2 protein chains.
Amino acid sequence: MSVNGATTSGELRAHNRVRLLRAVHDGGSAATRSRLTRELRLARGTASVLVAGLAEDELLHEEPAPEHGRGRPTQVPGPHPRGPLALAADVREDAWELAACELGGRVTVLDVRPHDGTPEGALVPLGEAVAAHTSRLGHRVIGVGVALAGPVRFGGLADIAHLGWRSVDVPALLGLPRPAPGAGADGVTLGNDTAFAALAEARRGRLRDVRVGLHLHVDFDLGGVLVVEGRPLGGASGTGAEFGHMPLDASRPIRDRPCMCGATGCWGMDVGANALLRHAGLEYGGGRGREQAERVLATSEEAVAACAAALGRGIAALVNAHDPEVVTLSGHGPELAERAGETLLRACEPRLMAIRRDHPPRIEGSALGWRGALLGAMESVFDVFLTPEGLERWRKTILTRVPTRPAGEM
Amino acid sequence: MSVNGATTSGELRAHNRVRLLRAVHDGGSAATRSRLTRELRLARGTASVLVAGLAEDELLHEEPAPEHGRGRPTQVPGPHPRGPLALAADVREDAWELAACELGGRVTVLDVRPHDGTPEGALVPLGEAVAAHTSRLGHRVIGVGVALAGPVRFGGLADIAHLGWRSVDVPALLGLPRPAPGAGADGVTLGNDTAFAALAEARRGRLRDVRVGLHLHVDFDLGGVLVVEGRPLGGASGTGAEFGHMPLDASRPIRDRPCMCGATGCWGMDVGANALLRHAGLEYGGGRGREQAERVLATSEEAVAACAAALGRGIAALVNAHDPEVVTLSGHGPELAERAGETLLRACEPRLMAIRRDHPPRIEGSALGWRGALLGAMESVFDVFLTPEGLERWRKTILTRVPTRPAGEM
DNA sequence: ATATTATGCTCTAGCCGTGAACAAAAGCCT
DNA sequence: AGGCTTTTGTTCACGGCTAGAGCATAATAT
């Protein structure tokens, strides 16, 4: 995203290749070539050359459009059958999921496995699965994106307070190269599930085309990020997305209680599966009790209301500060909003600044459900790939794979 | 900023003109041509053509560099004597200041006047001054930027709770065209002083080249914004920068007290001139009492400590959430930090997440002092101007002003 | 079957940045 | 002082890129 401008005429071509491929990807490879040509304001001739080049590089493959208008039928550019694949993994507190994703966003789940919540128990088998699929799929794998249930610093160190993970060296346990600062270099991207869910929401969900949005992810604890112009704000060391660890008008019992993160009175202590279990008087922590929490969510009016009210109070504070256009909820968030929407709004509205009350932001459930984090991990891999540098690397591997054209070809 | 890429070869030229002019402006017209050529990675020939074109358009004017190295001496491109000027105004609670700013950032103060704090009393005379200077300076005026002490919605409606301004139609009172959503259209940009101070800090202060920074502006009340990649985040309707209106662990007496903004327990109620006056038992509100507040700041250890502690508590919360690299303070902020830095840090540190404590962000005073808001207003005008569209408009006015070249010229 | 319409392909014109060769203008060395 | 070195500015031939026009193509509408 935000591919910054070409400077020389040589870079123009690379820049336009990226634009076209990005448009295909973002459109879920559903847009027709004529439509892409129009939307990207390309001349038909230019589009022709670009598509031909991308097809030759095994990035795109055109098929006839299923529906016709009046004139000559157009083609639909989609992923090439030998084209790039992004591996994406979502590591939750009690299980992980691994998938292969084509350009355009089609997801094929490769593996789902429960784990014991320890760094080794979760990550070593995942690393083995990644290695197996990578060697099976060969050069087509352009990178691996991994979503984790807590902050990951740029080096790849993860801290998941409520699981007791402290400075866990994720790349080492996975057996993957360490991602470089900025954007993961060799195609390895690690990130917070909240940030990834927000990224997916920005690309394929309710935050699409929204300039400023707020995304909140409710799982065992609560994560939140601001999404600006299609990108979640990652922070200076890659560990933004921690809105849950602000003391936002905490409820009385929580206000002075230490949070596992090391701070006090964190908002997130009042929202999420752990909070539901606490309200119901059950044991909580350590990433255990997903089923019990879901039962509480389904049955305990009171626990749900307490969570929803806390959620609403915090949302008001964040809306005051950031003025988002939309607030989206993922994880357990949509269910909280559905089961206790009134409570949520009654907690939120009076805490808004007067000038926000006229046009409060919409509060919406995610369009992607629990799939958000996985899809965001995919997007983060394609974000590295869909750049002039990424495509150039791919072109080189293709060229070495097929060193010369078949003899008879012109 | 973030001029998005050229697509056609024609746009390349426009894009590079912008890049060069932006580099001159951001460098305070101190960089030599040879250095600019290197830094922008232009061929010397290209730079030659670009500079010549910009000089012909009366945008740039080269003068010999004062210092020489070994080889042929280079030139320093600076503002053209008939070049563009940005008018910038800073409207504070009790006075306003109007200045003309050249490309490169040189500021000439045109007028300073106290006012009575009412919308009419403040804005009508300012509008008259703007009109007078605009007609005097003619086509050179490319826009007017106005900083106000509170949020301004995109249409131009200002709400300054602590002055009792509600939906004040700023463009109407100033007699200026209404700015369009997004970026002010005809060169009129209105904004929050906090956001503008942050913008200036990002371009010419301590947030330069910082990816994620947090800027806090302490005046009568407290404003705060996140600065990401050189731009303060404006929110969906232009009214972001309101970190002061989150209930961040407010001190006991404030916690349940209504804020003038309409919410409850706002952080800003504990930090700023109004809070100082309140701590000292003096009357406060309505933008009055700047001198008394300064006296309290200079003399009352206790009031200063209370403010600094509240500031530190809030900073901790924001650092947890956003992971900034630097926190900068403007307005009274630097003095608070200087007079009670220990108190501030002692309030901040224990409230940080454990993972933030290893590398907490630097907390620094602004490099621009009280000038920040004015400079930011200037930058916002140049941000609209330093685009392909802005430069094209300027070129057209120059062409109509000098319709044909002198006869003898080739 | 023919006209209409929208799309894809091919080719030329025009613009742009590159990079090399050359000119210019200083400092440095003898 | 005079020649050498170093750095910068200027000019120009060259290759690359996109635009746009003209033509070919393949469907629908009449």
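Everything numeric here is computed off the predicted structure, so don't read it as measured data. (Residues numbered from 1 in each chain as written. Chains lettered and ligands numbered in written order. Predicted model: local features only at pLDDT ≥ 70, side-chain atom pairs only at ≥ 80, totals over all residues. Heavy atoms only, no water.)

Draft legend 1. Expanded view of the sheet that holds strand β4 (residues 95–102) of chain B. Residues and elements named next belong to chain B. Strand order in the open sheet formed by five strands is β5-β4-β3-β6-β9, with mixed pairing between adjacent strands. Edge positions in the open sheet fall to β5 (107–114) and β9 (188–192), since each of these has one partner strand only. Strand-to-strand twist across the sheet, computed as the mean angle between neighbouring axes with direction ignored, equals 15°. Two elements, strand β6 (residues 141–148) and β9, share five bridges in a ladder whose sense is parallel. The residue bridging L148 from the neighbouring strand is N192, located in β9. (Pairing = 2+ DSSP bridges. Helix = DSSP H or I, 4+ residues; strand = E, 2+ residues; numbered from the N terminus. Axes fitted to C-alpha atoms, helices over the stretch in contact; angles between N-to-C directions.)

Draft legend 2. Representation of the pattern of salt bridges in the model. Counted by the stated rule, this structure contains 54 salt bridges over all chains. With a shortest N-O distance of 3.0 Å, R395(A) and E392(A) are connected by a salt bridge. Of the two residues, R395(A) and E392(A) both sit in helix α14 (residues 388–401), three residues apart, roughly one turn of that helix. On the basis of relative accessible area, E392(A) is assigned to the partly exposed category, the value being 31%. With a shortest N-O distance of 2.6 Å, R17(B) and D57(B) are connected by a salt bridge. (Salt bridge = Lys/Arg side-chain N within 4 Å of Asp/Glu carboxyl O. Buried < 20%, exposed > 50% of the residue type's maximum accessible area, 1.4 Å probe, protein only.)

Draft legend 3. Inspection of the protein's contact with DNA strand C at higher detail. Around DNA strand C there are 25 residues in total, and R33(A), R44(A), S48(A), T74(A) and R13(B) lie nearest to it. Within 4 Å of the protein, the atoms of DNA strand C are drawn from sugar and phosphate moieties in a proportion of 66%. Note that a phosphate oxygen of DNA strand C is positioned 2.7 Å from one of the side-chain N or O atoms of T74(A). Interatomic distance of 3.1 Å between a backbone N/O atom of A43(B) and a phosphate oxygen of DNA strand C. When contributions to the surface near DNA strand C are tallied by element, the ones reaching two or more residues are α2 (33–39) and α3 (44–56) of chain A together with α1 (9–26) of chain B. Here the surface near DNA strand C takes four residues from α1(B), the largest share from any one element. Classifying every residue of the surface near DNA strand C gives three nonpolar, 14 polar and eight charged. (Near = heavy atom within 4 Å. Polar contact = N/O pair within 3.5 Å; in protein donor to acceptor, adjacent residues only side chain to side chain. Nonpolar A, V, L, I, M, F, W, Y, C, P; charged D, E, K, R; others polar.)

Draft legend 4. Molecular detail of the environment of T118(B). Residues and elements named next belong to chain B. Within the secondary structure layout, T118 lies in the loop between β5 and α4 (119–137). Judged by relative accessible area, T118 falls into the partly exposed class, the value being 30%. Separated by 47 residues in sequence, T118 and W165 have C-alpha atoms that sit 7.6 Å apart. For T118, the side chain forms a polar contact with the side chain of D116, separated by 2.8 Å.

Draft legend 5. Quick look at the relation of the copies chain B and chain A. Rotating chain B by 180° about the axis while translating it 0.0 Å along that axis superimposes it on chain A, leaving an RMSD of 0.1 Å. In the structure described here, the two chain copies are related by an operation that fits a two-fold rotation axis. Taking C-alpha positions as reference, the residue of chain B nearest the rotation axis is G5(B), located at 1.4 Å. The fraction of interface residues of chain B whose copies in chain A are also interface residues reaches 100%, indicating that both copies meet through the same surface. (Least-squares fit on C-alpha atoms with pLDDT ≥ 70 in both. Contact = heavy atoms within 4.5 Å.)

Draft legend 6. Focus on the protein's contact with DNA strand D. Neighbouring residues of DNA strand D: 26 residues in total, closest R72(A), R33(B), S48(B), R72(B) and T74(B). The backbone of R72(B) places a nitrogen or oxygen atom 2.7 Å from a base oxygen of DNA strand D. Those elements giving two or more residues to the surface near DNA strand D turn out to be α1 (9–26) of chain A together with α2 (33–39) and α3 (44–56) of chain B. The dominant element in the surface near DNA strand D, judged by the number of residues it contributes, is α1(A), at four residues. Residues of the surface near DNA strand D, tallied by class, amount to three nonpolar, 14 polar and nine charged.

Draft legend 7. Fine view of the pairing of β5(B). Residues and elements named next belong to chain B. Across seven bridges, β4 lies against β5 in antiparallel orientation. Residue pairing across strands places W96 opposite R113, the latter belonging to β5. Turn length for the β4-β5 hairpin, with the two strands adjacent in sequence and antiparallel, is four residues, and the turn residue G104 shows positive phi of about 105°.

Draft legend 8. Region of interest: the domain arrangement of chain A. All names here are of chain A. When the domains of chain A are assigned, the result is domain 1 (9–82), domain 2 (85–197 + 371–397) and domain 3 (211–366). Here the C-alpha centre of domain 3 lies 26 Å away from the C-alpha centre of domain 2. Taken together, the contacts link 16 residues of domain 2 with 26 residues of domain 3. Summed over both sides, the interface of domain 2 with domain 3 buries roughly 1,600 Å², with 54% coming from carbon and sulfur. Area buried by domain 2 at its contact with domain 3 is led by F154, H162 and T194, which between them contribute 33% of it. Summed over the shared surface of domain 2 and domain 3, the result is three salt bridges. E93 is paired through a salt bridge with R290; the nearest N and O atoms lie 3.8 Å apart. Joining domain 2 to domain 3, the criterion identifies four residue pairs in polar contact (both at pLDDT 80 or more). Take the side of domain 2 that touches domain 3: its biggest share by element is four residues, from helix α6 (residues 193–204). Classifying every residue of the side of domain 2 that touches domain 3 gives seven nonpolar, three polar and six charged. (Domains from an automatic or database assignment. Buried area = accessible area lost by both parts, 1.4 Å probe.)

Draft legend 9. Examining the packing of aromatic side chains more closely. All names here are of chain A. This structure, assessed with the given rule, holds two aromatic pairs over all chains. When the centroid spacing of 5.9 Å and the interplanar angle of 90° are considered together, the rings of F385 and W394 count as edge-to-face. According to the relative accessible area criterion, F385 is buried, its value standing at 6%. Sitting over the ring of W370, R290 keeps its end group 5.9 Å from the ring centre. (Phe/Tyr/Trp six-rings, centres within 6.5 Å; stacked < 30°, edge-to-face > 60°. Lys NZ or Arg CZ within 6 Å of the ring centre and 35° of its normal.)

Draft legend 10. Quick peek at a negative patch on the surface. Residue and element names in this part refer to chain A. Residues E291, E294, E335 and E338 make up a contiguous surface patch of negative charge. Secondary structure elements with two or more residues in the negative patch: α8 (290–299) and α10 (333–339). Examined against the element boundaries, E294 turns out to sit in helix α8. (Patch = residues over 30% accessible without salt bridge, like charges linked within 9 Å, V, L, I, M, F, W, Y side chains within 5 Å. Areas by Shrake-Rupley, 256 points an atom, 1.4 Å probe, with all protein chains shown as cover. Lys, Arg positive; Asp, Glu negative; His and termini not counted. Charge placed at Lys NZ, Arg CZ, Asp CG, Glu CD.)

Draft legend 11. Molecular detail of the interface of chain B and chain A. With 59 residues of chain B at the interface, the matching set in chain A holds 60 residues. Of the roughly 4,200 Å² buried at the junction of chain B and chain A (both faces included), carbon and sulfur atoms supply 55%. Where chain B packs against chain A, one counts two salt bridges. In this structure, the salt-bridge partner of R231(A) is E229(B), at a minimum N-O distance of 3.1 Å. Here chain B and chain A share 24 residue pairs in polar contact (both at pLDDT 80 or more) between them. Listing elements by their share of the side of chain B that touches chain A, those giving two or more residues are α1, β11 (222–228), α7 (252–255), α10 (301–322) and α13 (354–357) of chain B. The class makeup of the residues in the side of chain B that touches chain A is 26 nonpolar, 17 polar and 16 charged.

Draft legend 12. Up close: unusual backbone geometry. Within the chain, S29(A) stands out as a residue other than glycine whose phi angle is a positive 45°. Position of S29(A) among the secondary structure elements: in the loop between α1 and α2. On the basis of relative accessibility, which here comes to 22%, the residue S29(A) falls in the partly exposed class. A positive phi angle is found at D209(B), which is not glycine, with a value near 60°. Tracing the chain through its elements places D209(B) in the loop between α6 (193–204) and β10 (212–218).

Draft legend 13. Fine view of the sheet that holds strand β12 (residues 231–232) of chain B. Residue and element names in this part refer to chain B. Here five strands make up an open sheet; going across it, the order is β12-β11-β10-β13-β14 and the pairing mixed. Looking at which strands have only one partner, the edges of the open sheet turn out to be β12 and β14 (362–365). Pairing analysis gives four bridges linking strand β13 (residues 326–331) to β14, with the strands arranged parallel. Across the sheet, the residue bridging to V326 is R362, located in β14.

Draft legend 14. Molecular detail of α6(A). Residue and element names in this part refer to chain A. The terminal C-alpha atoms of α6 lie 16 Å apart, and with twelve residues this matches the ideal 16 Å at 1.5 Å per residue to within 8%. Burial analysis of α6 places eleven of its twelve residues in the buried class, the great majority of the element. Residues of α6 that are buried include every one of D193, T194, A195, F196, A197, A198, L199, A200, E201, A202 and R203, and no others. Capping of α6 at its N-terminal end is provided by N192; its side-chain oxygen lies 2.9 Å from the backbone amide nitrogen of T194. (Expected span 1.5 Å × (residues − 1).)

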